[in-house]
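Each chain, written out:
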2 protein chains.
Amino acid sequence: MNKYVYSFDEGSADLKNLLGGKGSNLAEMTTIGLNVPPGHTVTTEACLKYLDEGRLAEEIKKQMKEYMEKLEDKMGQKFGDPEDPLLVSVRSGAAVSMPGMMDTILNLGLNDKTVKGLIKKTDERFAYDSYRRFINMFGEVVRGIPHRKFEEKMNEVKKKRNADKDVELEAEGMKEVTKKYKNLVGDIPSDPWEQLVEATKAVFASWDNERAIRYRDLNGLPHDMGTAVNVQVMVYGNTGDNSGSGVAFTRNPSTGENKIYGEFLRNAQGEDVVAGIRTPLDISDLKDVWPDIYKELKGVCKTLEDKYKDMQDLEFTIEEGELYILQTRTGKRTPNAAVKIAHDMHQEGIISKEVALLRVDGKQIEKILHKRIDPDADLDKLTKGINASPGAASGKVVFDTDEAEERGNEDESVILIRPETTPEDIHGLAASEGVLTSRGGMTSHAAVVARGMGKPCVAGAEEIEINIEEDYFEVDGEKIEKDDIITIDGTTGNVILGEAPLIEPKFTDEFEKLLRWADSIRKMGVRANADTPEDTKKAIEFGAEGVGLCRTEHMFFEPERLEAMQELIISEDKDERKYALDKLMPMQKDDFKNLFRAIDGKPLIIRLLDPPLHEFAPTEEKRQKELAEKLEVDRKKIKSKVERLEEENPMLGHRGCRLGITFPEIYRMQVRAILEAACDVKEEGQDVSPKIMVPLIGNVRELKNIKKRVIDPVESKVFVDRDKIDYEVGTMIEIPRAAVTADEIAKEAEFFSFGTNDLTQMGLGFSRDDAGTFIPNYIDQGVLEKDPFQVLDQDGIGQLVKIATEKGREEKQDLSVGICGEHGGEPSSVKFCYKTGLDYVSCSPYRVPVARISAAQVVIEEEKEVDEGVDGY
Amino acid sequence: MNKYVYSFDEGSADLKNLLGGKGSNLAEMTTIGLNVPPGHTVTTEACLKYLDEGRLAEEIKKQMKEYMEKLEDKMGQKFGDPEDPLLVSVRSGAAVSMPGMMDTILNLGLNDKTVKGLIKKTDERFAYDSYRRFINMFGEVVRGIPHRKFEEKMNEVKKKRNADKDVELEAEGMKEVTKKYKNLVGDIPSDPWEQLVEATKAVFASWDNERAIRYRDLNGLPHDMGTAVNVQVMVYGNTGDNSGSGVAFTRNPSTGENKIYGEFLRNAQGEDVVAGIRTPLDISDLKDVWPDIYKELKGVCKTLEDKYKDMQDLEFTIEEGELYILQTRTGKRTPNAAVKIAHDMHQEGIISKEVALLRVDGKQIEKILHKRIDPDADLDKLTKGINASPGAASGKVVFDTDEAEERGNEDESVILIRPETTPEDIHGLAASEGVLTSRGGMTSHAAVVARGMGKPCVAGAEEIEINIEEDYFEVDGEKIEKDDIITIDGTTGNVILGEAPLIEPKFTDEFEKLLRWADSIRKMGVRANADTPEDTKKAIEFGAEGVGLCRTEHMFFEPERLEAMQELIISEDKDERKYALDKLMPMQKDDFKNLFRAIDGKPLIIRLLDPPLHEFAPTEEKRQKELAEKLEVDRKKIKSKVERLEEENPMLGHRGCRLGITFPEIYRMQVRAILEAACDVKEEGQDVSPKIMVPLIGNVRELKNIKKRVIDPVESKVFVDRDKIDYEVGTMIEIPRAAVTADEIAKEAEFFSFGTNDLTQMGLGFSRDDAGTFIPNYIDQGVLEKDPFQVLDQDGIGQLVKIATEKGREEKQDLSVGICGEHGGEPSSVKFCYKTGLDYVSCSPYRVPVARISAAQVVIEEEKEVDEGVDGY
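Computed from a prediction, not measured in an experiment: that's the story for all the values here.

Caption draft 1: Spotlight on the overall build of chain A. Within chain A, the regular secondary structure consists of 34 helices and 31 strands. Viewed in the frame of its principal axes, chain A has a C-alpha envelope of about 105 × 60 × 55 Å. The proportion of buried residues among the 873 residues of chain A is 59%. Considering only residue pairs separated by 6 or more positions, chain A has 68% of its internal contacts joining residues 24 or more positions apart. Surface summary for chain A: the accessible area is close to 35300 Å², and the carbon and sulfur share equals 44%. Looking at chain A, you have 122 positive and 167 negative side-chain charges, and the mean spots of the two groups are 2 Å apart.

Caption draft 2: Layout of the packing of helix H1 (residues 16-31) of chain B against helix H12 (residues 291-308) of chain B. Residues and elements named next belong to chain B. Two numbers describe how H1 lies on H12: the axes approach to 11 Å, and their chain directions differ by 120°. As far as their axial angle goes, H12 and H1 are oblique. At the point where H1 passes H12, the crossing takes the right-handed sense. For the pair H1 and H12, the contacting residues are Asn25, Glu28 and Met29 in the first and Leu304, Lys307 and Tyr308 in the second. By residue class, the composition of the contact of H1 with H12 is three nonpolar, one polar and two charged.

Caption draft 3: Examining the sheet that holds strand S8 (residues 281-282) of chain A more closely. Taking strand neighbours across the sheet as the criterion, the five strands line up as S8-S7-S6-S9-S10 (chain A) in an open arrangement whose pairing is antiparallel. With one partner strand each, in any of the chains shown, S8 and strand S10 (322-330) of chain A form the two edges of the open sheet.

Caption draft 4: Up close: a negative patch on the surface. Together, A:Asp400, A:Asp402, A:Glu406, A:Glu410, A:Asp411 and A:Glu620 make up a negatively charged patch on the protein surface. A residue is classified by how much of its surface remains accessible, and A:Asp402, at 35% relative accessible area, is partly exposed.

Caption draft 5: Just the pattern of salt bridges, in detail. Residue and element names in this part refer to chain A. Per the counting criterion, the structure on display carries 143 salt bridges over all chains. One salt bridge in this structure joins Lys307 and Glu28, with 2.5 Å as the shortest N-O distance. With a gap of 279 residues between them, Lys307 in helix H12 (residues 291-308) and Glu28 in helix H1 (residues 16-31) connect regions that are remote in the sequence. On the basis of relative accessibility, which here comes to 35%, the residue Lys307 falls in the partly exposed class. A cluster of three or more residues bridged by salt bridges with shared partners is formed by Lys396, Glu403, Arg407, Glu412, Asp471, Lys482 and Asp483.

Caption draft 6: Here's a closer look at unusual backbone geometry. Residue and element names in this part refer to chain B. The phi torsion at Glu320 lies on the positive side, around 50°, for a residue other than glycine. Relative to the assigned elements, Glu320 resides in the loop between strand S9 (312-319) and strand S10 (322-330). A residue is classified by how much of its surface remains accessible, and Glu320, at 48% relative accessible area, is partly exposed. The phi dihedral of Asp476 falls on the positive side, at around 55°, and the residue is not glycine. Along the chain, Asp476 turns up in the loop between strand S19 (472-475) and strand S20 (478-481). Relative accessible area serves as the criterion here: at 74%, Asp476 is assigned to the exposed category.

Caption draft 7: Structural context of the packing of aromatic side chains. Counted by the stated rule, this structure contains 28 aromatic pairs over all chains. On the numbers, 6.5 Å between centres and 85° between planes, the contact of B:Phe766 with B:Tyr778 is edge-to-face. Placement of B:Phe766 in the loop between helix H30 (756-764) and helix H31 (775-780) and of B:Tyr778 in helix H31 is noted, with a sequence separation of twelve residues between them. As far as the burial class goes, B:Phe766 and B:Tyr778 line up, both buried. Ring pairs connect the aromatic residues A:Phe766, A:Phe774 and A:Tyr778, which therefore count as one cluster. If you follow A:Arg216 out to its NZ or CZ, it ends over the ring of A:Trp207, 3.7 Å from the centre. Over the ring of B:Tyr67 we find B:Lys70, and its NZ or CZ is 4.2 Å from the ring centre.

Caption draft 8: Local environment of the nonpolar core. Membership of the largest hydrophobic core comes to 303 residues, with the highest contact counts inside it found for A:Phe596 and B:Phe596. When near neighbours in sequence (up to four residues on either side) are disregarded, A:Phe596 contacts A:Gly601, A:Leu604, A:Ile606, A:Ile674, A:Ala677, A:Ala678, A:Val681, A:Gln686, A:Val688 and A:Pro690.

About the cut-offs
Residues numbered from 1 in each chain as written. Chains lettered and ligands numbered in written order. Predicted model: local features only at pLDDT ≥ 70, side-chain atom pairs only at ≥ 80, totals over all residues. Heavy atoms only, no water. Helix = DSSP H or I, 4+ residues; strand = E, 2+ residues; numbered from the N terminus. Buried < 20%, exposed > 50% of the residue type's maximum accessible area, 1.4 Å probe, protein only. Contact = heavy atoms within 4.5 Å. Areas by Shrake-Rupley, 256 points an atom, 1.4 Å probe, with all protein chains shown as cover. Lys, Arg positive; Asp, Glu negative; His and termini not counted. Charge placed at Lys NZ, Arg CZ, Asp CG, Glu CD. Axes fitted to C-alpha atoms, helices over the stretch in contact; angles between N-to-C directions. Parallel < 35°, antiparallel > 145°, perpendicular 65-115°, else oblique. Left-handed = near helix turned anticlockwise from the far one by under 90°. Nonpolar A, V, L, I, M, F, W, Y, C, P; charged D, E, K, R; others polar. Pairing = 2+ DSSP bridges. Patch = residues over 30% accessible without salt bridge, like charges linked within 9 Å, V, L, I, M, F, W, Y side chains within 5 Å. Salt bridge = Lys/Arg side-chain N within 4 Å of Asp/Glu carboxyl O. Phe/Tyr/Trp six-rings, centres within 6.5 Å; stacked < 30°, edge-to-face > 60°. Lys NZ or Arg CZ within 6 Å of the ring centre and 35° of its normal. Core = buried A, V, L, I, M, F, W, Y, C linked by side-chain atoms within 4.5 Å.

Here it is, written out as structure tokens:
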């Protein structure tokens, strides 16, 4: 006969698949000698048998009964005894915890008779409170009655008895609630054994409910594992002054300090601690109240850390002076605490460097590097948008870009609010504390620029309605006017009214050390996307080993340059274009010189002009007029030219290398500026390592064309009387066609850099500006797991990355391959890049530390040097 | 010692690589006994040796001299003899003819002395005309002097002598021109031998000129073949009344009739026949003039057709009563002639069915099926746009869609002119003879709709400036107002002022027979893209075996439906949407019933709604107002909803299955209409074969979602009390991600249909609406060979098609795979589809015959059953 039930002292962590996560954990704690309330686990095998047969087999019931009898013997109590009833909790516990699974029934064993026994042991109010809770949970879990129906009944009683909160109901009130609940549920068995059988079947059946199935589908979990059921004796912390309940962390989850942290309440149940009705005492006060218990608890913490080798979050109850450990789990912690705990535990010899690195979560790390809102602050939240660039900032609301620039430059704190930003808004954005837009997503213009600048951005806050003309926005009936103060949290997407208290970022010694460990382990390079010397320096400070993407277009937005750029755009022929380019050339050259100086010999990948010309075009009538006057041309000419530049689908339009092919003089100017700048800085005695990147190549002939008509002729002019400088020419791989013909392209390119933003747009057919209308719905419905603009779609776009890398290397074994899309700083995407064989990732400076950690983690994960039992949290 | 020179009677067609195309042809004709003016060929090996060594080797010169001496012996003339000089032509001739290669020098051997001898034989004017031509050609070919310099000199003389045309110059004038040319060229050698050596070297060198190299690059031709040089004795048709020149076709190149066709001139050179100064006689008149020559010529024609097994176009000269054949080549012919000749030659037992099929060019065939402009007409061409839908039409210019509809429906012939069309223009387009747009390309809305309707369309005529408000357009200074008549030629892209004479299309018996031969050979199915019962019937008449794409969106544009659709769009919730859909449902059902009746049991693939909702939205204020009144809602609501629907990149926006996922009720209505219509028609006693196609799938989860939330529930409702009908559910493969994850998608799809229009847009990152700004430039520069929206980009997009087909079949061996993009009717793309293993192609009805022919050709080509020597023309 199969064994379908294990008591906690029979089980162990090895039996996780059979006993589920919770069951094996309880068994483990029991085994290492902690005082866990006794109980047993009905196995996942029993579950599968039940699901298969559609009924609970007699042999399972028999074993369940046997173990209940053992429990009765152990506790000296009887199930259903009206004097001193044995009460148990029933909890589900699959190997992996899963939303949608039926969870917990407490106080099972209560009925109209046994409740009297409980009254004797505690008091009437508590007993009926426990009883009505049992009926509620049984009703929900076993009978599928919606939670709100119970709430309605509760509210009826509270109203009748003038009670605002549940706790204000006295014993009589609770008794009345109990009665109403019983009527609601109807056929609740009074026999505790029947209660247990029904509860067990309900938990088993919930394995196959829709939400659980979908969760497993989404997470690639098998459907044939089943869930276990844990039956555990109830203990009560509210049986008198010699009892109590509490929660404890083995270390401080907020700072990481190695000291027990937590709180407790005398004569109270665990939920009272959490509910916050009575103020709990600090765990250190336990020392004074019950010094022995405190000592014992410290020992338990030590035992648990020794066992689990990680900070634990445990629940305990003291019943009549006896300490019970109800549960332990890996404790959640702040990013800073995560770093400190990982670091300290290695220093203390508990875990290896590798495990320490796995303990920090890339997504969390990013938060360390930005200002954030004090998590304890009370906030007046207005709305939520997309968390497009992390960090938080407060300032006065300003709607006009020029005004934002002016006031920002006078050291006023302003937040720029726009429906969406265009390159013409960059100067205003640069002077603001942050930017809030009502349209666009993670890769909208505002988001990309803000991330590059390390400024917070909340994008696509669709609920707000902006009235630019009258300088206000409305959200949910509230009107926010110019100069009102708001706070935006680009880490969460929250928009808050007023000035929220902010916490400054810290880069602790522990963090520095972890990053150095990561560097010693990782095999993939980390570079940064940086367009200015300031960004470049910041990136190097954060550990970047070069610049993987310098976007030259951002250099054209200072007023003087934008004007020259606009002259260029309205040029009718080559000569006019040349005239405008001659103005731009010295400025570009200066830009590049400063970049070469800032990067100090590390590789600098400069991308030639990428956006369509209409992004620079003067679209407002006023500006067209100004330009017309300044350039002494007919305004109509400007207007007509600007209109002709408009495109139906600009993302698929006349941009990138297509510009370089139709207007080679623009690229020639840029290449000349790069090469001359490199020569100049080299002559200053500094190393330079320039790499010219041609964007939007889809066909090797485009690259050939640019090399032949742009790069080669410029090279031969620049180096005619100067020492030749080594430089490389490579390309973005961002068009699906480029990926599938990468072998051809590799013949002409010395490096590849995946532009996964565009590759995602084209590969998925999602416009990043428009997909916001359906992506949230897709995620809700489980069609997408994640926003593919935030997390690389490994199965689809990743396939293209893989194909291109393989084909490229087939042709050119030592081809340098990297990524410079936004995904280059996203942990799971960084790991994918390593597994796909990329040489480096490049991301915004603030995400460089994230990339360094993630790149180390994937090496560790791959090498399977991870200690057993150290799952992530 | 290598043999570098072959006399014509030594060579043969087998030596094509050594002798070049022209040389081997001359040798071949000589061998089969035709009277070819004698000569010899300097081989391609000599060319390569020259290019390699940078000088003409002595051994080559020696052989050249030897063969010149043989020629002198044969002709009884001497090179440089002032009495009776031997004159020769020198022509290049590579194995493949190539633009940019230096071509011809005539009359080589003339100098100030030998010209006297020529005067004796002919007359002074002719002799100096020949001399100046020699100098001109020598100057251009050997010295690289631009052609216009010679023209300038000629014009000087003509002006001085009051001559309008060259022919008006008398002997003295020609003498003066000769002198001026000599001064222009300068160092022209007088020794004929030196002339020959220099000419040979120049021809050899031209192998490596830039244009020739680029041509070979573009066409994938090897660079190491070299060109040969042909030296041939000059013969003259203008030595008296016993001489003459002419051209002849072995069959009528216009009708295909099996009768010699051509013309000749007595006492004239070949170029006089072509120049049209004197009116040539019909070749049949030769019978009366010189019956023997006529008989001989007929024999030559027969010999040539026997030899080449195709209609030949030959040049001949009669010198002093002797017939010389100067050249023969496969004759160009009209599409109708091509069909007739191919058919007849098979009937005459000259060629096999397979060869007959290879003789018709898919691209030409299309022209048979449409009206076309009489090629002999004098036309006043206004401009040229993109040839977006074939055929020609004349009509009055109309700018307003409603007006076009009204007048068109009253049987007036109108041409609709719009900057671009939207679905709101369909009713006007349907009533017009054709449409002309100033924006958009091959796959613009106007083009797609016009092709579907079989109406001519010239799209993207960028030179015209349309003023919609004032009802006129301007082009090149000319103003065309409403009601002016124009003719558009959608086959060439030409726009013509006035009513051009049109030729009605003919579907000859011969063509029908060829198509039946094609059907017996091809292995791939041919279906049509058709949205209406009329189109469907037309398609079946043209041989379609089903409908591969029925676009349901075109059904929503009739006024009543558009209104319901617009109601749908402005709906704020499910109930409002349902109300609008309930109106549409019976109409859709009726549409489908008529389609099922029209298609008579053949497969009918119906695509669910694809375009974004804003395509149906009322964008004009007037219409918004009307709708607001009609529906009794606030106009602002309509306006705001329409604005919210706008997208930055609609091509990558909220469309296709994305609509079906966010608004499943729309797709449910469509699926219900399809299934109920199928049931109804089945109950009428007719077979039905419905296939539901879900567009824009990028992720298998989308298809799962639609099946689960749309198709399955509708099926279970429809078939609850009706007999179940077999139907299939499949998907478009038009998103790159779908291609690379096709194995996953095949798990849920019963068929794939490649939407290569979208796949091209996304795979290349080209918006079909915008790419017109750079594609022409790309083609000019050789970055692209062809417009990828017209001819499938086999190396890039074709890769995706291949990957998807392989992955799909890996998962599901019997997966039906087809194509329904515009490429499905383009010959080279059809062939690619067959080679990639597709089951069928689907194209607009008018291209179905093209697809049938092409699908047969590729089988024949693959099976290599082609007779040797029968190259295409």
